[in-house]
Structures are given as C-alpha cells and as structure tokens.
Amino acid sequence: MSTGRRSAALWFADTLVVLAIAVWAIGAANLPEFVLPGPVAVGKRLIALFTDSDFLVHTIASTVRVIGSVVIALLIGGGLAVIARAVPVLDGIVSGVIQPFLNAFPSIGWAILAAIWFTPGHFSIVFVQVAILAPFCLINVAEGLRQIDRELLEMATSYTRNRTRIVIRVGLPLLLPYLMGALRIAYGVAWKIALVAELLGSTSGLGFLMLRAQGSADLTTVLAACLAIVALFYAGERLLLEPLSRRFSAK
Amino acid sequence: MSAGPALAGRLQRTQRLLALGFVLALGVAWFASAGRVPAYVLPPPSEVAAAVVAFATSAQRLPHLFATLGHIASAIAISFVLGALLAFAAHYARWSAPAIHQRLSPFLSAFSGIGWTLLAVIWFGVSSFTVVFTIVAVLLPFALVNLREGLIALDKELLEMGASFGRGRWRSWRLLVAPALLPFAAATLRIMFGVAWKVTLTAELFGGGRGLGYVINIARQDYDTPTLFAVILFIIIAVTLADRLLFGPLERLTTRQFGAAS
C-alpha cells in the first residue's frame, strides 16, 4: 500500500510538471516570442545546441572548460588544504587568510579583473572559474582532513613507517568521500555561478551565447541554453559523479 | 596529544605570526608593484585607499551600497520564507513531497544563475525587482534543501513524548519543533548569505540600475580600477566580518542551545 501511495504522489508530481509545461505553452501562445517563446521552439533549439555545429561549438567549449576548471580547482584547493595539514604552522595562512579571501571575493570581480589582466580566451575564463571554485574545494578537503581518524593513522604507523604507504593505503581512502564531495559541489557551482566568466571578454561558451541572444531579444536561445545547462549538470551528476561517489564512499 | 596546551599555544602564535607576515608580504609586494605596472592593471595601494575614502564620503555612491544590502536582505528573507513554506508543505502534506523535492528542487538547483539574470532582465527590465528575483531564484534551492535536512533530523521520540504531555499541536510545534529547527535555520542563513554575495553583484551588473554591481560596471567601463579594487576589498571585509561576528556565532549559539548532543 505504501508503494501505491508513493507512486500516487509521484504521479501527482509528474502531472504538475505536465501542467506547468501546458501553462507555459498557453502563455507563450498569447505572448510575443521575445517575451516567452513556446516549449516546442525552445525544445527544438535545445536539440540544436547539441546537434547544430554552430551551437555545438559553444556547448562543447563550456563543457570542456567546466571540467578543466573543476579539476584544476580541486588540485589547487585540495593542495592548499593538504599543505596546511602537513605543515601546521602554515595553517594560519591557508585557513586564516587565503580561504576567507577567496571565499568572499565576488565572482564578477574575478571576471572583470581577468578581462583587464588577460587577453580574452580560454585561459582567462579558466582562471576566473578556478578562482571561484577553489575555495569550495579547499573548505571540503580541509574538512575531510580534519575528520580523518587519528587512531587509524596511528595504527597504520604501528604497521609501517613508510609514510607514502600510509597516505596511499589509509589517508587517501579516508579522504575520498570528501574529495568526491568537493568535486560535486565544485561541478555544481561551475555550471551555476562560474559560467559568469563567459559573460565578459569571451567569444565562446553557453554564457557568451546567452548574453548575445539576450542582446538580440532571442529568448528562445536563452531559455534553451538554460535548459542545456540543467541537462549537462544532470548528465555529469548521473553518469560520472554519482557512480564515482558510490564506488568510493562505500566502506 | 601529549603535546600539551603550552605547545599548542605556541603553534597558534606561530600560525598567527606567519599569517600576519604573509599579509604584510603581500602588502609590500603590492606597494613595490606601483609604477612598474600601469595603474589600470594594478592600482597602487594609495590610489585604492583614495578610492575607498572617495566612496565612503560620496553622497552619490553610498546609496548604491545600501541598495545592495537591501537587495541581499530582502532576497534572503523572501527565499528563506518561500523555502520554509515549501519544506513544511512537503513535510506535513506528504503527497506534495515528490513534486517539491524530486521535481522543483532539482530543477531549481541545476538552473544557472546567469540564466535567471538574463531572463529576468528581459521579463522585468532593469530594476531592483530583477535583482531580487534573480537572487531569490538562486537561493531558494539552498533554503529548501537545508531546511528539509532539519525536518528530517527531527527527533520522532521527542515529538511522541511531547504528544503524551499535551495534544496542543501548536504548543508542541512552538516548544519542540521550532527550537530543534533553529540550528538548521541559522546554518541555512549563513550559507545563503555567502551565496547571495556571489550572485548579487552579477545580477546588479546586468540587471540593476543601482547597487555595487552597477558601480563596478561603471568603473570597469571607465578603466577606473582603483574603484573596482575598493569595492572588492570592501566586500571581502564585510562578508568575512559578517560571517565571523554574526552568522558564525549565531550558528554556534543555536547549536549549543537547541542542537543535537553530538
């Protein structure tokens, strides 16, 4: 019976989604296209974003840069956390200065500074995204290092004095759930917030595409790009991050 | 652990000294850079200080600061109330839970902040409403997810015990549920405050005629990097201070007073 009620609630949820799309379609039929394009037009453009080579360039550029930025941010943020842990006297610099500084730095501030400092291009965008994502990675990895069971490390030390071995066999597995957490947060923030890097001084990417489309009142493309970001976010979550974290967070 | 408090105290002092030294070294490097690079690339500290003073004493610019604070405060209040209403709805009216947590929340959490900004500009024009709408849209999933965690963590046994003492639902809500939710509410506010600053300036730059985002947009167009630095510096200090002096203690206080004993 409980499963019956559950599916009833799910049915209700899906009905609401269908209803929302219907309301959208009716609303769009009565409004000009630059205010609200219909679901069919947006759907077609959404497909074009993944098939039409004019659009696909932007989709791929954003995706590749997001993945690259997340990896670099994890290396830098995680690296800083590890340094602070390995050399305790430096912890004041990392968690007292660098972390609050990066954490409070406005994302659009990085975008503007990068537009002033660097020539427009991939490097400039990745720089901004890494600067935005690094503090999230730093906080998560530092938290993981704090949670590592000291007793377990002590026990490992009683088995071997080889520190590399302890790190690889005991420290890293204990840290993996937090690394995965950092990866997932950074990936989400990259799509949702760090795409701002593509708005200033960029000639490719979904952010650039959206801004250009908005400038010419092409709301179909803006909405399609928004939905493409939702789709890409979930594709990465479901196909890559969830399997990875299931694999690594199992005890 | 055999190190003892004396050694720990010394470590802490060394950490503070090194951190201070690091900041000083950065400051010196910044001073030394003056004259070597063009001022629009990296303005010398004196120019940034002058920009800070000019900002704080300018009758034209100070209102922008208050506009930004107003945007953030109202957006946090609105999204917190909306998130709480949705989280309570899903908790107390079970049939709505999948619609809220499995359809609405994932959609909102994956929607790009820039997308909201650009859409809001088209729909509502350049206005404070556009800015607040964007921040609310970005913050709402954070409020929803965090308050849901609080409701899940409610102690069922405690509620049952409460029910055995009295049938007044409002009374049990006021005396048991609300206090248990306070630590989560405080944590939610803290997270929302941090995220709000990340999106507000962007929203103001593209969609608001007022606010610090508008100021840095003008500064950017005029290559007025000192003002840009001044605004960024101000934000970093304000956000860090608010987090350390307001939201951090609030979270600790509510956790100590009403949190689970773990």
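## Focus: the overall build of chain A
Consideration 1: Each helix and strand counted, chain A has ten helices and zero strands in total.
Consideration 2: Walking chain A from its N terminus toward its C terminus, one meets helices and strands in the order α-α-α-α-α-α-α-α-α-α.
Consideration 3: Rg of the C-alpha trace for chain A: 22 Å, well past the compact-globule value of 18 Å for 251 residues, more than 25% over.
Consideration 4: C-alpha atoms of chain A, sized along the principal axes, occupy 75 × 65 × 30 Å.
Consideration 5: Intrachain contacts of chain A at a sequence separation of at least 6 include 73% that bridge at least 24 residues.

## Some remarks on helix α9 (residues 212-221) of chain B
Consideration 1: Turning to α9 of chain B, its buried residues are Leu212, Gly213, Tyr214, Val215, Ile216 and Arg220 of chain B.
Consideration 2: Residues of α9 of chain B that are buried sit in contact with α5 (107-117) of chain A together with α3 (62-92), α8 (169-207) and α10 (225-258) of chain B.
Consideration 3: Note on α9 of chain B: the residue one or two positions beyond its end, Tyr223 of chain B, has a positive phi of about 50 degrees.

## Observations regarding the environment of Asp54 of chain A
Consideration 1: Along the polypeptide, Asp54 of chain A turns up in helix α3 (residues 53-86).
Consideration 2: A C-alpha to C-alpha distance of 56 Å links Asp54 of chain A and Ala156 of chain A, two positions 102 residues apart in sequence.

## Details of the domain arrangement of chain B
Consideration 1: According to the domain assignment, chain B contains domain 1 (4-33) and domain 2 (47-258).
Consideration 2: Here the C-alpha centroids of domain 1 of chain B and domain 2 of chain B sit 33 Å apart.

## Quick word on the domain arrangement of chain A
Consideration 1: Domain parsing of chain A yields domain 1 (1-30) and domain 2 (37-249).
Consideration 2: A straight line from the C-alpha centre of domain 1 of chain A to that of domain 2 of chain A covers 33 Å.

## Some details on the interface of chain B and chain A
Consideration 1: At the junction of the two partners, chain B supplies 44 residues and chain A supplies 43 residues.
Consideration 2: Counting residues per element, the ones that place at least two in the side of chain B that touches chain A are α1 (4-33), α4 (97-110), α5 (113-124), α8, α9 and α10 of chain B.
Consideration 3: Looking at the side of chain B that touches chain A, the element that brings in the most residues is α1 of chain B, giving eight residues.
Consideration 4: Looking at the side of chain B that touches chain A residue by residue, the classes come out as 29 nonpolar, ten polar and five charged.

## Here we look at the nonpolar core
Consideration 1: With 132 residues, the main nonpolar core has Leu133 and Ala186 of chain A together with Ile135 and Leu139 of chain B as its most contacted residues.
Consideration 2: In this view, Ala186 of chain A contacts Val70, Ala73, Leu74, Leu133, Phe136 and Cys137 of chain A; residues no more than four positions away in its chain are not counted.

## Quick notes on the packing of α3 of chain A against helix α6 (residues 122-147) of chain A
Residue and element names in this part refer to chain A.
Consideration 1: Contact geometry of α3 with α6 gives a least axis separation of 6 Å together with a crossing angle of 40 degrees. The angle between α3 and α6 falls in the class oblique. Of the two elements, α3 crosses α6, and the hand of that crossing is right-handed.
Consideration 2: Here the residues of the contact of α3 with α6 are counted per class, giving 19 nonpolar, six polar and two charged.

The rules behind the values
Residues numbered from 1 in each chain as written. Chains lettered and ligands numbered in written order. Predicted model: local features only at pLDDT ≥ 70, side-chain atom pairs only at ≥ 80, totals over all residues. Helix = DSSP H or I, 4+ residues; strand = E, 2+ residues; numbered from the N terminus. Rg over C-alpha atoms; globule rule 2.2 N^0.38 Å. Contact = placed C-beta atoms within 7 Å. Buried ≥ 20, exposed ≤ 12 C-beta atoms within 10 Å, placed from the backbone. Domains from an automatic or database assignment. Nonpolar A, V, L, I, M, F, W, Y, C, P; charged D, E, K, R; others polar. Core = buried A, V, L, I, M, F, W, Y, C linked by C-beta atoms within 7 Å. Axes fitted to C-alpha atoms, helices over the stretch in contact; angles between N-to-C directions. Parallel < 35°, antiparallel > 145°, perpendicular 65-115°, else oblique. Left-handed = near helix turned anticlockwise from the far one by under 90°.

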